[in-house]
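# Reading the structure
Here's the letter readout for the chains.
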Amino acid sequence: MLSLASRLARPVLLATDPETGHNLAVAALKTLPLPACGTDDRRLAVSAFGLSFPNPVGLAAGFDKHAEVPDPALRLGFGFVEVGGVTPKPQVGNPKPRVFRLVPDEAIINRYGLNSDGVDVVARRLAARAGKPGIVGINIGPNKDSTDRVADYGLLIEKLGPHVSYLSVNVSSPNTPGLRDLQQASFLDDVLARSIEARDAVAPGKPILVKIAPDLSLEGLDDMVSVCRRRRVDGMIVSNTTIARPETLADQATARETGGLSGRPLFRRSTEMLAETWRRVEGQFPLVGVGGIASPEDAIAKIAAGATLVQLYSALVFRGFGLVEEIKQGLVHRLMRERMASVTDLVGTANADWRLT
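Heads up: these notes are all about the structure in this document. (Residues numbered from 1 in each chain as written. Predicted model: local features only at pLDDT ≥ 70, side-chain atom pairs only at ≥ 80, totals over all residues. Heavy atoms only, no water.)

### Points about the overall build of the protein chain
Within the protein chain, the regular secondary structure consists of twelve helices and 13 strands. Whereas a compact globule of 357 residues would reach a radius of gyration of roughly 21 Å, the protein chain reaches 19 Å, a difference of no more than 12%. For the protein chain, the C-alpha atoms occupy an extent of roughly 50 × 50 × 45 Å along the three principal directions. Relative to its full complement of 357 residues, the protein chain shows a buried share of 59%. For the protein chain, the share of sequence-separated contacts (at least 6 apart) that also reach a separation of at least 24 residues comes to 74%. Of the roughly 14,500 Å² of accessible surface on the protein chain, a fraction of 53% belongs to carbon and sulfur atoms. Looking at the protein chain, you have 42 positive and 39 negative side-chain charges, and the mean spots of the two groups are 3 Å apart. (Helix = DSSP H or I, 4+ residues; strand = E, 2+ residues; numbered from the N terminus. Rg over C-alpha atoms; globule rule 2.2 N^0.38 Å. Buried < 20%, exposed > 50% of the residue type's maximum accessible area, 1.4 Å probe, protein only. Contact = heavy atoms within 4.5 Å. Areas by Shrake-Rupley, 256 points an atom, 1.4 Å probe, with all protein chains shown as cover. Lys, Arg positive; Asp, Glu negative; His and termini not counted. Charge placed at Lys NZ, Arg CZ, Asp CG, Glu CD.)

Pasting the structure below:
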């Protein structure tokens with residue numbers, strides 16, 4: 001029923017302005033009486049970062065920016081939901097229009113600029129769901145006009161850490177000027193030192209993950225992984241949106257818009273970056289694979305490249321929420337065919353097939 005309703009609604013949503021369509025989707029989840037999703041196949045269960053996930057398919061940050069619908073999103077069948085990005089002070093983000101669909105490419109360009117209700121509002125919403133089941137993480141980033149971005153991360157963790165399952169440190173959004181500079185080793189080390197200090201004070205043991213860009217050089221990736229390993233983070237999310245514009249894009253006119261590109265054109269680059277990260281991490285912590293997942297085969301490829309968990313968002317615009325169950329069914333079928341007892345048996349099995357060129 002969910003898949004049918006999603007297919008029926010999709011033409012209406014695609015006929016609207018992209019940001020309006022996004023807001024309508026969030027509003028629908030607020031109001032629709034969604035039934036609880038069924039129990040997942042036990043072979044899909046994953047343990048990572050000290051958390052037990054019913055399945056490895058998560059909703060990426062960017063859909064539920066203000067933590068308005070984490071529980072309805074979980075009822076769609078996701079194994080976990082990441083809300084945000086959230087900033088310390090409320091900010092409106094960049095001027096509109098700031099979201100663009102590349103329909104023939106099944107891609108999105110956004111330059112939202114971390115529009116956020118602010119940490120206090122989001123913290124109240126998350127505190128109100130105390131005791132409810134489900135893994136809900138949060139993506140955090142500094143304000144655009146901040147004079148101390150390192151301190152911003154500490155403040156966010158202090159206020160949000162007690163109310164979420166994990167924290168995702170965003171140093172890779174292309175839409176906040178200068179934010180990607182924090183991926184440089186010395187800056188990232190400062191960010192993580194302050195983030196871990198804040199975490200240990202308010203929520204000891206709460207997992208901290210680092211979300212990186214797909215546009216890093218291999219030298220830059222070496223530096224980032226080295227810092228993450230030294231600071232003993234709990235995981236990395238690979239990857240955020242890209243500022244690159246592949247020549248293969250069919251909608252070249254829309255491709256000229258500035259912002260981060262997501263969706264199918266991001267799949268190869270993000271998966272290559274994922275595989276390269278997996279080799280450098282050497283099993284010290286798990287990875288979350290994000291970027292261009294639009295089918296069961298895509299999710300399987302991410303896991304085989306090195307992801308313990310995967311996330312999606314842009315494909316939901318073009319494929320609908322029924323895609324979540326399709327991916328989970330596809331994973332189970334693959335496990336049955338390969339006679340594997342767990343989805344974790346797939347992790348890294350085809351890593352050598354992916355090399356950043």
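Here the narrative resumes, following the displayed structure.
### Description of the sheet that holds strand E11 (residues 260-263)
Ordered in space as E5-E6-E11, the three strands form an open sheet in which the pairing is antiparallel. Whereas interior strands pair on both sides, the edge strands pair on one side only; in this sheet they are strand E5 (99-102) and E11. Mean inter-strand twist for the sheet, computed between neighbouring axes without regard to direction, equals 25°. Where strand E6 (residues 107-110) and E11 come together, four bridges link them in antiparallel fashion. Across the sheet, residue Asn110 finds its bridge partner in E11, namely Gly260. (Pairing = 2+ DSSP bridges. Axes fitted to C-alpha atoms, helices over the stretch in contact; angles between N-to-C directions.)

### What to know about the packing of helix H9 (residues 267-281) against helix H10 (residues 296-305)
One way to put it is that H9 packs onto H10 with a least axis distance of 8 Å and a crossing angle of 25°. Regarding the angle of H9 to H10, the classification is roughly parallel. Facing Phe267, Ser270, Thr271, Leu274, Ala275 and Trp278 of H9, the residues of H10 in contact are Asp298, Ala301, Lys302 and Ala305. Taken together, the residues of the contact of H9 with H10 sort by class into six nonpolar, two polar and two charged. (Parallel < 35°, antiparallel > 145°, perpendicular 65-115°, else oblique. Nonpolar A, V, L, I, M, F, W, Y, C, P; charged D, E, K, R; others polar.)

### Considering the side chain of Glu82
Note that Glu82 resides in strand E4 (residues 80-86). No salt bridge is formed by the buried Glu82, whose closest oppositely charged neighbour, Lys211, lies at an N-O distance of 4.8 Å. Within the structure, Glu82 has its side chain in polar contact with the side chain of Tyr166 (distance 2.7 Å). With near-sequence residues (within four places) excluded, Glu82 lies in contact with Leu59, Ala60, Ala61, Gly137, Ile138, Asn139, Tyr166, Ser168, Ile237 and Gln311. (Salt bridge = Lys/Arg side-chain N within 4 Å of Asp/Glu carboxyl O. Polar contact = N/O pair within 3.5 Å; in protein donor to acceptor, adjacent residues only side chain to side chain.)

### Examining the environment of Ile212
The residue Ile212 is located in strand E9 (residues 208-212) in this model. Measuring from C-alpha to C-alpha, the distance between Ile212 and Ser172 comes to 5.1 Å, with 40 residues separating the pair along the chain. Look past the residues within four positions of Ile212 in its chain and what remains in contact with it is Ser172, Gln183, Leu221, Met224, Met236, Ile237, Val238, Ser239, Asn240, Met273 and Thr277.

### Quick word on the packing of aromatic side chains
In total, this model carries six aromatic pairs according to the counting rule given. Seen in terms of ring centroids, Phe49 and Phe53 are 6.3 Å apart; in terms of plane orientation they differ by 80°. Their pairing is edge-to-face. Since its relative accessible area comes to 12%, Phe49 is described here as buried. Since its relative accessible area comes to 2%, Phe53 is described here as buried. A ring pair is formed by Phe53 and Phe80, whose centres lie 5.1 Å apart and whose planes are at 80°; its orientation type is edge-to-face. Linking Phe53 in strand E2 (residues 51-53) with Phe80 in strand E4, this pair joins segments that are 27 residues apart in sequence. An identical accessibility class is assigned to Phe53 and Phe80; each is buried. Linked through ring pairs, Phe49, Phe53, Phe80 and Tyr166 together constitute an aromatic cluster. Cation over ring: Lys65 sits above Tyr112, and NZ or CZ is 3.9 Å from the ring centre. (Phe/Tyr/Trp six-rings, centres within 6.5 Å; stacked < 30°, edge-to-face > 60°. Lys NZ or Arg CZ within 6 Å of the ring centre and 35° of its normal.)

### With respect to the pairing of E4
Note on strand geometry: in a regular strand, side chains alternate between the two faces of the sheet. For E4, the tally of buried residues reaches seven of seven residues, placing the bulk of the element in the interior. Of the strand pairs in this sheet, strand E3 (residues 57-59) and E4 are connected by two bridges, and their pairing is parallel. In the sheet register, Leu59 faces E4, and the bridge partner there is Val81. Alignment of E4 against strand E7 (residues 136-140), held across five bridges, turns out to be parallel. Each residue of the ladder has a partner; that of Val81, found in E7, is Val136.

### Considerations on H10
Extensive coverage of H10 is indicated by the burial of nine of its ten residues. Taken together, the buried positions of H10 are Pro296, Asp298, Ala299, Ile300, Ala301, Lys302, Ile303, Ala304 and Ala305. Where the residues of H10 are buried, they touch H9, strand E12 (287-290), strand E13 (309-312) and helix H12 (323-338). Positive backbone phi, at 140°, marks Gly306, one or two positions downstream of H10.

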